[in-house]
Structures are given as structure tokens and as C-alpha cells.
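The chain contents come next:
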Amino acid sequence: MAGKSRSGQRIEPSFSSGSERGDDGFSAGERIAGGGRSSRRSEDPPPDRPRRSKSRRKQPRRERGGGFFGFVRSVIYWGIVLCIWAGIGAAGLVVYYGSRMPNASTWSIPDRPPNVKIADLEGSIIANRGATGGEALTLSDMSPYIPKAIVAIEDRRFYSHFGFDPIGLGRAVVTNVLTGHAVQGGSTLTQQLAKNLFLSPERTLERKVQEVLLAIWLEHKYTKDQILTMYLNRVYFGANAYGVEAASQRYFNKSARDVNLGEAAMLAGLVKAPSKLSPARDPAAAEARAQLVLQAMRDQGFISEADIKTAMSQPPTHATSYWSGAQNYVADMVMDQLPGLIGGAVKEDLTVDTTIDTSLEQKAEQSLNDVLAKDGKKLNASQASLVSVDATGAIRALVGGRDYAQSQFNRAVTAKRQPGSAFKPFVYTAALEMGLTPNSIRNDAPVKIGNWAPENYEQKYNGPVTLATAVAHSLNTVAAQLAMEVGPEQVVKVAHRLGIESDLQANASIALGTSEVSLLELTSAYASFMNGGYKATPHVITKVTTASGKVLYQANFDNPPRVLNPDVVTNMNTMMTGVINFGTGKAARIPGWQAAGKSGTTQSFRDALFVGFTSHLTTGVWFGNDDGKSMKKVTGGGLPAKAWKEFMVAAHKGLTPTPIFGGGQIIDNGAPVVASAPNTDQQTTIGSIISGALGGNGGQASLQQGQPTLQQRPAQQPVQQRQQPVDQATLNDDPEDLPPVGLADNNPYSSDQYDTGDIPPADIGDPGPITATVRRHRSSLLDVILGQ
């Protein structure tokens, strides 16, 4: 069996030498078909076996020896792979978010919100109004420092990138990482513009991708200067100011055309954080940021070291916390009226020319603040307003309150309050139209009208007095009698004819000014006395034009209607001169000028007014408190008359004094008018009065042909006035213009009608309407006693 077993073993033949290996890696001697045993020790290994074995053992060592370079190669390899995939992913995101945007062919720059530039009589800017707060300027129009400052601090590579700046973005990332917080931003000016124009401020990947796409589109469609211009006219600078013009007006009260280097640096610094870096909120932070902007401008070669020293030597900017200046009351008034004049909302940039004289506006604001600063606190008067108009009703100055920054409520236009005795000229005008004269006599004594018994404030009575005396000393009993003689309805008609538009209650107390009116309409109504009897319609807008020069509105007040007979005007003016010369308005005397006016005080000293005029201007002044609290015995002849005088003296400086209409004469029914040549020394037509109001010959173009002229009146003897006892214990001079005790005591700022519960209408207790009796002779005491 053993032999059989051995004979069964057979070595396969090999045609290769011993050094050759088969395909499977084994040698020929190792290929044994059976499972027999072989002894490796008895056979010499092939010559190449040790070398192959050594080679196999050395291969891993060679790889381990180059491991670092292999790692680097791997990192580079996989980095490239990741970049490729990241690029593919980024391209996918761009395609995806781009597909969510409207078609590029429909992209267009949205219209900038329209701005309204409001100019004064000379064309200087009063204010800008609109969503942006300022007009758009070209690069050539604005100060050259502004675009340089913006580029230096916000996008130094603006003129070299294509809308998106990878280098700038990388630099910003490195800087922010090294400093540990956000120091630089990676957005270009073009990207910021794209965001402001088209996108919301939310911080999302989609918005950022769309911002880049829009920036590239902007760079393709517009030049660099066009992009920078759009950016500077739309970027937000805080305080509701969009664009450099609005910001310059807001913080420096000047146009962006005129800002200096330091101011331009401060504006550029605001872009990063408009509220936090505002010079109105934190001047120190704004100044520090401006210094960084100056350094950036120097690094970019825009300015020199000497320029920086010059900018630093300039006084620091002290911006107010809000839009300030009385001119803003005018601007608000203009914006309220504008839609009605142009037939709808403002849809494009407009320029509005106004009647405002800026110098008078400043003098008006100063006069009110001077009086309030001196006596306001101790007399508990915290607010004041002023309106001044010329012969046509053109508003030359308007101050709606003590400080626009603190309160934007316009007390001269919006607020309605009782005028008190300042309403009495309408009562006396109605009486003169019924045939009475300044020399007519009425009895100053206690009277009772129905259940109402008006009385003088001091409860003192003077007996028979002329109407001129009653006006000068503001006697309440006489005014009440006259109102009942002519009828309250007639008084209301006269007031409305002269320009009072508020609703007036036709009751007995109308004589004492218990119906509420605005200071503007009251002052404008007085202008009819100033100009000789023509209606003076109050207006502030003269022309509205578009940016292209198209005229949308042109005012025309050249032909005002006559509302008063010249004789009546002459007599009324004469009586109102007595108010200033020796009555309740002595504090309003203007050296060298003839003036007329009337004081007024309401119940509980809540309101004090003085309205008066010269041949040049008609001005009304009000003092009081917003909460309706009483002042400390402030009458119209006190603080209002003093402020009126201060303003009018300043307004008339350098002008030649001229008499008021009528010259202070009295036309009496007992003395016939002598027809003679017109008095060439007296302004007798609305055109000539307008000319005088404008100064020089500037108003000659407004002279109206065929206007009635005032004939020279015969000289009259001065009216003999009774000397009334005057209480000089207070600063308010005469208290005669106070209302009688017992009138309703309501809030003058209420829009409700005056409560007449305690004041019966005129016909209560009367047999019927009272018609005035026209007398062709002087009234005597006997006439009064007999009721004739």
C-alpha cells in the first residue's frame, strides 16, 4: 500500500526555469498535486526569493517614510474636490435663488420718493418735506468732500470692483477674525444700494445672493458715478433723513452743496450706525467716527495731513435733537395745503415758493422767546404764537409755538380760542355801518340782556362816553349794547365778510369774543382795516413748480373784493389808534409810526391777545398755556403787546414811516365830506398799499386801475377822552379788556362749540329783533335816557 502510495505521487513537469514564477505567484517546486509533505530545509530556495521577500517587506516602510507629503497631497486633493463640489453647490444656490427673482428684463430702478422743496420770498430754502426729507443732488452739485468720504470709509475699491468685491470681503473676514468682533463689512456700495432699492433688511442667505446678483446688474447697467449718485441720494443718515441733502439740512442747517470737510466726514461716519452715531444723540461718538473717516481719506490720498488739521480746528457740530426753527411750522402748513392746490397727492419733486420773509420769521420767533424768557415763568405763560400778514393777506411771518422741537402743534393756525375783546372791532364796524360814528355817545352803566348782565371787569362805570373812548378802554357794557342794537347776526355777517371762517354763535356774548377763532383768521381780518377795506385772504403759497419747471399752481390775489366802506375803515382805524395811544395797548407803541390795534383777554386769564397794524404789516400775537391753565393776570395789553412791539419795531427798521389808512381822522355824519383832489400823501388804493407793504416800487405792478380813492377829509377836532384810573400794580398795564365775570370757563383748545348754557341768545327776554336807528345828529345823554 505504501508503495502504491508513493507511486501515486507525481511531480508535474515544468517548462520554465527555477527562477520563474507562475501567474498565481508560487514557484514550480511548490506546486504539488497531492498532499504529500516536502522539506524546505532540504532544498535551496530560489535565488530571487529572498529579494522578493525583502522587497515586500520594504514597501510599507517606503510609504511610511513619505507620509507627511502624502498627507499634504491628500489634503490638496480632497480640498480641490471639496471646492469643486462647493462651487457646484454655490452655483446651484445662485440658480435656485435667482430663479425666484423676477426676470432681469423687468428690473428697473424704483422712483425715489418725491421731495417738496419749500422756499421763502427770496428763493432760499425754508425746509424740505417728503419721505426722504431732502431733494436729490448730482455729484457735481454736492460738496466734493462727501463722495470722497463715503468711498474712503465704506468701499475703498469702489471704482475697481464689478459690484461684488471678493478681495474686500476676504479682507473684512480676516480683520474681523483677528479683532474678535465685526470691524469691517464685506458689502460694496453697489450691494448696499441694491439692498436699499430692492430688498428687505432681513439677514438671510437668499437675500445675500439676490443682493450680489442685483449689484452685478447695477454695475452692468449704470456707470460708477451714477451708482454713487443714487446711493448718496438714498442712503439713510438717521433722524428721518434720507440722502445727503436731507442729512445736511437736518444736522447742519445748510445744503449739502456747502458742507465742509469735517461735516462731510461726519455724514460719512453716520452710515454705519445712523442712530448710534448721530451728532444729535451722541456728539462725542459722532466726532470720533468722523476722525476715522478723515484718516481713511488721507490713506486713500483724497486729502492731506494739513486738510485733517484744518478740519479738526473747525468748531464741533451741535445738532438739535429734532427739526428746529419756526419755519417748520410754515413747512407743515404748506404740506397741509399743497394737495388741494395741485389736485392730489405729491407724485414728483416739487418746489413751492412762499410768501415768507425769513428775516421777519426769525425776528418773530426771537420776540416771542425774549418775552417768554423774561416774564413767562413768573406770570405762568408757557406758550405763544404770532402771525404777520401784508395788505393782501400774504403771510410774511408765522410762529406756531415757543419751540418746534418740543411741540409741532401750530397754535397760530390749528388752535382755535376765544379772542375776547379783540373781537370787538367787528361789533363796532357793524355799528358804524348802521350810521354811528366814533363821536356817538353810549352810556357805560350796568346793563341786562335777558338773563345776562355783562359788566366791566373792575365793576366801575364811566357814564356817557364816546364810542372811541369805549374802544380805547375796552368797555364791555358799551360793546354789549351795540351788539344788541345792530343784532348779533349782523356782527357775525361782518366778521365773516372780513375773513373769519370759523362758526360764530349769534348771541349776545358775541360782543365779547366768546366764539372761537384762529389767530391767523383773526389777524387777516384786521388786515382789511389796514388796506382800506379790501378782503385780505391769508395765503402762504405763491407758486408750485415741478423739477422740470412746469407750473402746477400760481396764486392770484391781485383783485381782492371790497368788504368795507372807506369811511367806515377810516373811523375804525381812528378808534383803534386810541387803543395804542392812550388805551389798553399803550405797551404796543412804536416810535415814529402810527399804529392801530386791539387787545383781548379771555375768562380766567387763559388767553391774552393783541392784534394791530401799521401801514406796512398787520400782526397778531397770542400768549397762554397748552393745558388751558390760567396765567397770572396776563392781559392782551401786557405780554402780547410787548412782544408785538418788539417784533414790529424790528420789522419796520429802515422803513420810512407812513400813516395808516385814513390818517387818524374822524368822519362824522354831522360834517359832510368835502370832495376835493385825492390826497397824494395818503395810500388810497389796494395796489399802492401793497406797494408800500413790499417796500419801494416792488409792488407797482399790482396797482389796480379804477380802484376807488379816499378823498381828503375835513380836519376834525381830536376826540376828548375821559381819563380813566389806571392800575399800574401789575405788568399788564390796563385791565379794561377783561371779559365780564360769569362767562363760561372752558378749554380754549377744545374743538367743541362754546358752551352757551349760561349765555342766552339775543332774542331771549327781548320783544323781537332790534334794528339800529340811524341818527343824522350827535347822540345826547337825553337820547340815551329816552331810548331814542
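In every chain, residue numbers begin from 1 and rise along the written sequence. Under the rules for a predicted model, residues below a pLDDT of 70 receive no local features and side-chain atom pairs below 80 are neither given nor counted, while totals for whole chains, interfaces and linings still include all residues. For side-chain calculations, the full set of non-hydrogen atoms in the structure is used, while hydrogens and water are omitted.

Peer 1: Got a sec to walk through the overall build of the protein? Specific residues and values, please.
Peer 2: Secondary structure summary: the protein contains 23 helices and 12 strands in total. In the protein, buried positions account for 49% of the 788 residues. Once local pairs closer than 6 in sequence are excluded, the contacts in the protein between residues at least 24 apart make up 71%. Reported accessibility uses the Shrake-Rupley method at a 1.4 Å probe radius. Residues are deemed covered only where the shown protein chains occlude them. Accessible surface, the protein: about 37,500 Å² in total, of which carbon and sulfur atoms supply 53%. For the purposes of this entry, the term helix denotes a DSSP run of H or I that reaches at least four residues, the term strand denotes a run of E that reaches at least two, and both are numbered from the N terminus. When a residue's accessible area, from a 1.4 Å probe over protein chains only, is under 20% of the maximum for its type it is buried; when over 50% it is exposed; and in between it is partly exposed. Should any heavy atoms of two residues lie within 4.5 Å, those residues are counted as being in contact.

Peer 1: Report on the pairing of strand E8 (residues 541-546), specifying residues and quantitative values.
Peer 2: Between any two strands, at least two bridges found by DSSP are needed for them to pair. Note: strand E3 (residues 350-354) against E8, five bridges, orientation antiparallel. By the bridge assignment, Leu 350 is partnered in E8 with Thr 546. Here three bridges tie E8 to strand E9 (residues 551-554), and the two strands are oriented antiparallel to one another. Residue Thr 545 lies in a different strand from E9, and its bridge partner there is Val 551. Connecting E8 to the antiparallel partner E9 that follows it, the hairpin turn spans four residues, and Gly 549 within it adopts a positive phi of roughly 100 degrees.

Peer 1: Please give an account of the sheet that holds strand E4 (residues 383-389) that cites residues and values.
Peer 2: One open sheet accounts for five strands, arranged E5-E4-E12-E11-E10; its pairing is antiparallel. Edge positions in the sheet fall to strand E5 (395-399) and strand E10 (596-601), since each has one partner strand and no second. Averaged over all pairs of adjacent strands, the angle between strand axes in this sheet comes to 10 degrees, irrespective of strand direction. Here six bridges tie E10 to strand E11 (residues 607-613), and the two strands are oriented antiparallel to one another. Looking across to E11, one finds that Gly 600 is bridged to Leu 609. Where helix H14 (residues 358-376) meets the sheet, it contacts E4, E5 and strand E12 (618-624), and its direction lies at approximately 35 degrees from that of E5. Interaxial angles span 0 to 180 degrees and are taken between N-to-C directions of axes, which are lines fitted to C-alpha atoms, for helices over the stretch in contact.

Peer 1: Which residues make up the side chain of Asp 390, and what values do they have?
Peer 2: Structurally, Asp 390 can be placed in the loop between E4 and E5. Among the polar contacts listed, one links the side chain of Asp 390 to the backbone nitrogen of Ala 394, at a separation of 3.0 Å. A distance of 2.6 Å separates polar atoms of two side chains, one belonging to Asp 390 and the other to Arg 396. Contacts described as polar in this section are N or O atom pairs within 3.5 Å, which, within protein, must combine one atom able to donate a hydrogen with one able to accept it, while residues neighboring in sequence count only if both atoms come from side chains.

Peer 1: Requested: an account of the packing of aromatic side chains, with residues and values cited.
Peer 2: Stacked, tilted and edge-to-face pairs are distinguished by plane angle, under 30 degrees for stacked and over 60 for edge-to-face with tilted covering the rest, among Phe, Tyr and Trp rings (Trp via its six-membered ring) whose centres lie within 6.5 Å. Applying the stated rule across the entire model yields 10 aromatic pairs. Considering the side-chain rings of Trp 217 and Tyr 222, the 6.3 Å spacing of their centres and the 85 degrees angle between planes classify their relative orientation as edge-to-face. What makes Trp 217 buried here is its relative accessible area of 12%. Taking the centre distance of 4.9 Å and the plane angle of 85 degrees together, the rings of Tyr 329 and Tyr 404 count as edge-to-face. Of this pair, Tyr 329 sits in helix H13 (residues 327-342) while Tyr 404 sits in the loop between E5 and helix H15 (424-433), placing them 75 residues apart in sequence. This pair shows no difference in class: Tyr 329 is buried, exactly as Tyr 404 is. An aromatic cluster of at least three residues, connected via ring pairs, comprises Phe 423, Phe 426, Tyr 526 and Phe 529. One Lys or Arg, Arg 250, reaches over the ring of Trp 323 and ends 5.8 Å from the middle of that ring. Above the plane of the ring of Trp 622 lies Arg 417, whose end atom (NZ or CZ) is 4.0 Å from the centre. Ring-over charges, as used throughout, are those where CZ of Arg or NZ of Lys falls within 6 Å of the ring centre and within 35 degrees of the ring normal.

Peer 1: Break down the sheet that holds E9 for me, citing the residues and quoting the values.
Peer 2: Pairing is mixed in the open sheet, where five strands are placed in the order E2-E1-E3-E8-E9. At either end of the open sheet lies a strand with only one pairing partner, and these are strand E2 (125-130) and E9. Geometrically, the sheet is characterised by an average inter-axis angle of 15 degrees between neighbouring strands, direction not taken into account.

Peer 1: Outline the packing of helix H6 (residues 189-198) against helix H8 (residues 224-232), listing residues and values.
Peer 2: Axis separation between H6 and H8 bottoms out at 10 Å; the angle between their running directions is 50 degrees. Judged by the inter-axis angle, H6 sits oblique to H8. Of the two possible hands of crossing, H6 and H8 adopt the one that is left-handed. Here Leu 189, Thr 190, Gln 192 and Leu 193 of H6 lie close against H8, whose contacting residues are Ile 227, Leu 228, Met 230 and Tyr 231. Gly falls in the polar group here, along with every residue not listed as nonpolar (Ala, Val, Leu, Ile, Met, Phe, Trp, Tyr, Cys, Pro) or charged (Asp, Glu, Lys, Arg). Residue classes in the contact of H6 with H8 are distributed as six nonpolar, two polar and no charged. Here is the rule for angles: anything less than 35 degrees is roughly parallel, anything more than 145 is roughly antiparallel, 65 through 115 is roughly perpendicular, and the remaining ranges are oblique. Helix crossings get a hand from a simple test, with the near helix turned counterclockwise from the far one by less than a right angle marking a left-handed crossing and a clockwise turn marking a right-handed one.

Peer 1: Break down H6 for me, with residues and values.
Peer 2: Of all 10 residues in H6, seven are buried; the element is thus mostly enclosed. Taken residue by residue, H6 has Leu 189, Thr 190, Gln 191, Gln 192, Leu 193, Ala 194 and Leu 197 as its buried positions.

Peer 1: Pulling in residues and values, what's your account of the nonpolar core?
Peer 2: Residues belong to one nonpolar core when they are buried, are Ala, Val, Leu, Ile, Met, Phe, Trp, Tyr or Cys, and are joined through side-chain atoms within 4.5 Å. By size, the foremost hydrophobic cluster in this structure holds 118 residues, and its most contacted members are Phe 426, Tyr 428, Leu 522, Phe 623 and Trp 644. Residues contacting Tyr 428, with those up to four places away along its chain left out, are Leu 467, Ala 470, Val 471, Leu 475, Val 478, Ala 479, Leu 482, Met 572 and Met 575.

Peer 1: Break down the packing of H15 against helix H17 (residues 476-486) for me, with residues and values.
Peer 2: The N-to-C vectors of H15 and H17 enclose an angle of 50 degrees; their axes lie 9 Å apart at closest approach. When the axes of H15 and H17 are compared, the pair comes out oblique. H17 is crossed by H15, and the crossing has left-handed handedness. Residues Lys 424, Val 427, Tyr 428, Ala 430 and Ala 431 of H15 form the contact with H17, whose participating residues are Asn 476, Val 478, Ala 479, Leu 482, Ala 483 and Val 486. The class makeup of the residues in the contact of H15 with H17 is nine nonpolar, one polar and one charged.

Peer 1: Can you lay out unusual backbone geometry for me, pointing to particular residues and giving the numbers?
Peer 2: One non-glycine residue, Ser 474, adopts positive backbone phi at about 50 degrees. Relative to the elements of secondary structure, Ser 474 occurs in the loop between helix H16 (467-472) and H17. Here Lys 633, not a glycine, exhibits a phi torsion of approximately 55 degrees, which is positive. Considering the arrangement of structural elements, one finds Lys 633 in the loop between E12 and helix H21 (639-651).

Peer 1: Tell me what's going on with helix H19 (residues 519-530), and back it up with residues and numbers.
Peer 2: An ideal rise of 1.5 Å per residue puts 16 Å on 12 residues; H19 measures up with 17 Å between its terminal C-alpha atoms. Burial analysis of H19 places 12 of its 12 residues in the buried class, which makes it a mostly covered element. Looking at H19, one finds that the buried residues are Leu 519, Leu 520, Glu 521, Leu 522, Thr 523, Ser 524, Ala 525, Tyr 526, Ala 527, Ser 528, Phe 529 and Met 530. In the segment just after H19, Gly 532 is the residue with positive phi, at about 95 degrees. Expected span of a helix: the number of residues minus one, times 1.5 Å.

Peer 1: For the environment of Tyr 251, give the residues involved together with the corresponding values.
Peer 2: Tracing the sequence through the fold places Tyr 251 in helix H9 (residues 244-252). Setting aside anything within four residues of it in sequence, one finds Tyr 251 in contact with Phe 237, Gly 238, Ala 239, Leu 267, Leu 270, Ser 278, Pro 279, Thr 317 and Ala 319. Polar contacts involving the side chain of Tyr 251 include one to the main-chain carbonyl oxygen of Phe 237, which spans 2.8 Å.

Peer 1: Please provide a residue-by-residue account of the pairing of E3, values included.
Peer 2: In summary, the side chains of a regular strand alternate between the two faces of the sheet. Summarising burial for E3: four of the five residues are buried, a large majority. Sheet analysis places strand E1 (residues 115-119) next to E3, joined by four bridges and oriented parallel. Looking across to E3, one finds that Ile 118 is bridged to Val 352.

Peer 1: With reference to specific residues and values, describe the side chain of Thr 354.
Peer 2: Residue position: Thr 354 is located in strand E3. The class of Thr 354 is buried, set by a relative accessible area of 2%. Polar contacts involving the side chain of Thr 354 include one to the main-chain carbonyl oxygen of Ala 119, which spans 2.7 Å. For Thr 354, the side chain forms a polar contact with the main-chain nitrogen of Ile 356, separated by 3.4 Å. Setting aside anything within four residues of it in sequence, one finds Thr 354 in contact with Ile 118, Ala 119, Asp 120, Leu 121, Ile 126, Val 334, Val 540, Ile 541 and Thr 542.

Peer 1: An account of the pattern of salt bridges is needed here, citing residue identities and associated values.
Peer 2: Any Lys or Arg side-chain nitrogen located within 4 Å of an Asp or Glu carboxyl oxygen qualifies as a salt bridge. What the rule picks out here adds up to 13 salt bridges. For Arg 497, the salt bridge is made with Glu 433, and the minimal N-O distance between the two is 2.7 Å. Residue Arg 497 is located in helix H18 (residues 488-498), and its partner Glu 433 is located in helix H15; the two are separated by 64 residues in the primary sequence. Under the relative-accessibility criterion, Arg 497 is labelled partly exposed at 29%. Via salt bridges that share partners, Arg 298, Asp 299 and Glu 305 belong to a single interconnected network.

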